[in-house]
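Coordinates in review
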Amino acid sequence: MKRIIQKKVCLLGDFAVGKTSLTRKFVEGRFDDRYLSTIGIKISRKRLEMDTYTLNLLIWDLVGGANFSKSSAKHLHGAIAALIVCDLTRPETLDGYKFYAEQMRAVNPNAALIFAGNKSDLVDERLISDEKLQIISKQLNGSYLDTSAKTGFQVETAFHWMAEQIEI
Amino acid sequence: MTTPSPAEFTPAMLAASATNVMVMAHRIAYAQINSDLMVVQTSSNFSMVVEQQDTTIIGQPITALLWEFVGAEELLQDVLHGRSPSCHLEQINRGKTDDKQVYLDFLVVPLNKQHLDQGLLLLIEDRTKSSRLQQTIIQDRNESRLLQHQIARVNKELRRLNQLKSLFLFISAHDLRTPLTSINGYATLVSKRLPTAVDPSIIRYLEVIISESNRMGHLINNFINLDHVEQGGLTLQPEVCDLNSVIEEVVNVVEFDINNRHIVLDIETPDSPMRLWADRDKLFYIVYNLLNNALQRTPQNRRILVQAGVANETVWLQIQNDGNGITEERLKSIFNLYYHQTKATTRSRREGSELSLYMVKMLVNAHQGDVEASSKHGKGSVFTVILPQALDGK
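Figured I'd write up the structure that's included with this text. (Residues numbered from 1 in each chain as written. Chains lettered and ligands numbered in written order. Predicted model: local features only at pLDDT ≥ 70, side-chain atom pairs only at ≥ 80, totals over all residues. Heavy atoms only, no water.)

The next thing to look at is helix α4 (residues 130–139) of chain A. All names here are of chain A. All buried positions along α4 are accounted for by L133, I136 and S137. Taken down its axis, α4 places every buried residue within 100° of arc, on the same side. Facing away from the buried side of α4 by more than 90 degrees, the exposed set consists of E131, I135, K138 and Q139. Against β4 (79–87), α3 (96–107), β5 (112–118) and β6 (143–146) lie the buried residues of α4. Backbone geometry just after α4 places N141 at a positive phi near 60°. (Buried < 20%, exposed > 50% of the residue type's maximum accessible area, 1.4 Å probe, protein only. Helix = DSSP H or I, 4+ residues; strand = E, 2+ residues; numbered from the N terminus. Arc of directions from axis to C-beta. Contact = heavy atoms within 4.5 Å.)

A word on the sheet that holds strand β10 (residues 314–321) of chain B. Residues and elements named next belong to chain B. With mixed pairing, the five strands of this open sheet are ordered in space as β7-β9-β10-β12-β11. The open sheet is flanked by β7 (264–268) and β11 (370–375), the only strands paired with a single partner. Ignoring which end each strand starts from, the neighbouring axes of this sheet average 15° apart. (Pairing = 2+ DSSP bridges. Axes fitted to C-alpha atoms, helices over the stretch in contact; angles between N-to-C directions.)

Spatially, the 11 strands line up as an open sheet ordered β6(A)-β5(A)-β4(A)-β1(A)-β3(A)-β2(A)-β3(B)-β4(B)-β5(B)-β1(B)-β2(B), and their pairing is mixed. Strands at the two margins of the open sheet, each flanked by one partner only, are β6 of chain A together with β2 (39–42) of chain B. Within this sheet the neighbouring strands show an average axis-to-axis angle of 30°, counted without direction. Here six bridges tie strand β1 (residues 28–33) of chain B to strand β5 (residues 120–126) of chain B, and the two strands are oriented antiparallel to one another. The partner of Q32 of chain B across the bridge, within β5 of chain B, is L121 of chain B. Strand contacts of helix α1 (residues 19–28) of chain A: β1 (3–13), β2 (41–49), β3 (53–62), β4 and β5 of chain A, with the helix running at about 155° to β3 of chain A, the strand carrying the most contacts. Most of the contacts of helix α4 (residues 128–192) of chain B go to strand β4 (residues 102–110) of chain B, to which it runs at about 120°, and overall it touches β3 (87–94), β4 and β5 of chain B.

The next point concerns the packing of aromatic side chains. All names here are of chain A. Counting across every chain of the model gives eight aromatic pairs over all chains. Each ring, one from F26 and one from F159, has its centre 4.3 Å from the other, and the planes form 5°; the classification is stacked. Here F159 lies in helix α5 (residues 155–163) and F26 lies in helix α1, a separation of 133 residues in the sequence. A ring pair is formed by F68 and F99, whose centres lie 5.9 Å apart and whose planes are at 85°; its orientation type is edge-to-face. (Phe/Tyr/Trp six-rings, centres within 6.5 Å; stacked < 30°, edge-to-face > 60°.)

This part takes up the packing of α1 of chain A against α5 of chain A. Residue and element names in this part refer to chain A. At a closest axis distance of 9 Å, the pairing of α1 and α5 adopts a crossing angle of 90°. Between α1 and α5, the angle falls in the class roughly perpendicular. Contact with α1, carried on its side by L22, T23, K25 and F26, involves V155, E156, F159 and H160 of α5 and no other residues of that element. Of the residues that constitute the contact of α1 with α5, the class distribution is four nonpolar, two polar and two charged. (Parallel < 35°, antiparallel > 145°, perpendicular 65-115°, else oblique. Nonpolar A, V, L, I, M, F, W, Y, C, P; charged D, E, K, R; others polar.)

A few words on the interface of chain B and chain A. In this assembly, 29 residues from chain B lie in contact with 32 residues from chain A. Here chain B and chain A share an interface that buries about 2,800 Å² over both sides, 55% of which is from carbon and sulfur atoms. Where chain B meets chain A, there are zero salt bridges. Mapped onto the side of chain B that touches chain A, the elements with two or more residues apiece are α3 (73–80), β3 and α4 of chain B. Partitioned by chemical class, the residues of the side of chain B that touches chain A number eight nonpolar, 12 polar and nine charged. In this structure, β2 of chain A lies alongside β3 of chain B, joined through two bridges in parallel fashion. Looking across to β3 of chain B, one finds that I41 of chain A is bridged to I92 of chain B. (Buried area = accessible area lost by both parts, 1.4 Å probe. Salt bridge = Lys/Arg side-chain N within 4 Å of Asp/Glu carboxyl O.)

Attention shifts here to the pairing of strand β12 (residues 381–388) of chain B. Residues and elements named next belong to chain B. Summarising burial for β12: six of the eight residues are buried, a large majority. Relative to β12, β10 runs antiparallel, the two being bridged by eight bridges. From the neighbouring strand, N321 faces β12, where its bridge partner is S381. Pairing geometry for β11 and β12, over six bridges, is antiparallel. Of the residues in β12, the one forming a bridge with S375 is S381. The hairpin turn running from β11 into β12, its antiparallel successor, is five residues long, and G378 in that turn takes a positive phi close to 90°.

Moving on: the nonpolar core. If you look at the biggest cluster of nonpolar residues, it comprises 57 residues, and the most contacted ones within it are Y97 of chain A together with F46, I62, L66, F69 and L122 of chain B. Leaving out residues up to four positions away in the same chain, L122 of chain B has contacts with A29, Y30, A31, I33, F46, I62, L66, F69, F106, L107 and V108 of chain B. Among the nonpolar cores identified, the runner-up in size contains 45 residues, and V229, A294, L357 and V360 of chain B belong to it. (Core = buried A, V, L, I, M, F, W, Y, C linked by side-chain atoms within 4.5 Å.)

A few words on the side chain of K46 of chain A. All names here are of chain A. Relative to the assigned elements, K46 resides in strand β2. Of note is the side chain of K46, whose polar atom sits 3.0 Å from the backbone oxygen of F26. For K46, the contacting residues outside a window of four places in its chain are F26, V27, L55, N56, L57 and I59. (Polar contact = N/O pair within 3.5 Å; in protein donor to acceptor, adjacent residues only side chain to side chain.)

Now the structure itself:
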């Protein structure tokens, strides 16, 4: 019988960038077009069968934007990785990348940071270039990928990158 | 397990029962956690917040019962060793569907501050009611912000498109004007040099070329002026003008069309000057557009009446045509440019004059004047302009 490991990861980013939608797509495999703002913390669990162990990935979807406070930052404690999300159609959501990266590193200095440019399905409305995102992610010492919670594009990849950060 | 009779209740059992009643009433659950972070005692309703409700609770690690504490072990140890007064996880969302969302607050404090080794007390409070209210407020605020972003983005795009339109208009209007001037000029020249015994159809063809090129020139001017006005570039250079002389000037310009279409033009104006404080070019444009509009609306061999006068420190101008009139619905929005854009399904000779009516209103209003239209279906229409009279030199 494989060992069961529970690990915590966090989703961070400005409001309405699609954090909850990404989680829902990954955990439940569904997408809802309606926007419902998250308050507080939404914790979801996804069981992943790895080669030598079973991983219960606990995904902390935290409130974004102006409602992310000092008390929100303490909820990052114990996370092995964070997915920091921006909305590719709203350039102002990119401003939060640095802030959230700093918040995460202040609590968990060794945590892996993965940056996601979400809503990549809205090709005609995209206002942030891939190059810019690559540069910023590199500066913040993280990896970058485009995602779409709507189509599911690279959603699995983003979460698996986080899951692979576990040292056992 | 049998329920004890009231006589069998011990004071400890009664106290525990009273606590449970209070706990249920305040939508609170609790658990006592020992120094190994194992649950040792709970309120009766604690099982309701445990994810796997069929599991044994007592003796289980808190992290196995509540996912929320996975990763928070260090924080709990801090409370247990007095390094931190509490560990507070606020507004934990529970529930898979959005409409059945439950919000819980988890507060962990030492059971006894003086004796930390007694373990921790976990209090779970159901804050669904207040949190849902807060969620609604934040939802509204976030939606409003998203809308503002969208409006700002659309406005930016509209400004860009408007600039592009102006540039396109400027280039095409100037490129169109040059050949049009040549067509009109040479056609006029040819019409004046025709031999007397020429085929009448040739004269007719030339008249059509001149008339249509005039109309096209007029249309181009309107497009340029409209763009100029929409870009906020309407400036007046007022001076004292005599409306009589402006009417005379306009009549000279449209005379060719009037004669060509056998329209009777009657002018009834006072002999004395009708002095206005106006931009002469714009005033010419107003009178020209109104007369041209009347021409478009008047069938051949019918009459146009131009009247003007001075009354109550204003100068009025009225242009009446014998056309088919304007429907009531159309009359309401006759000076509205966007009405014409959305409603004009048929492209007629009047197309250009509808744009010019919008321009007339803009220019009359810029002169602190007013313009109105009245009509009876089948009995023609009347356009009336009222402008301030020039007094004491102005």
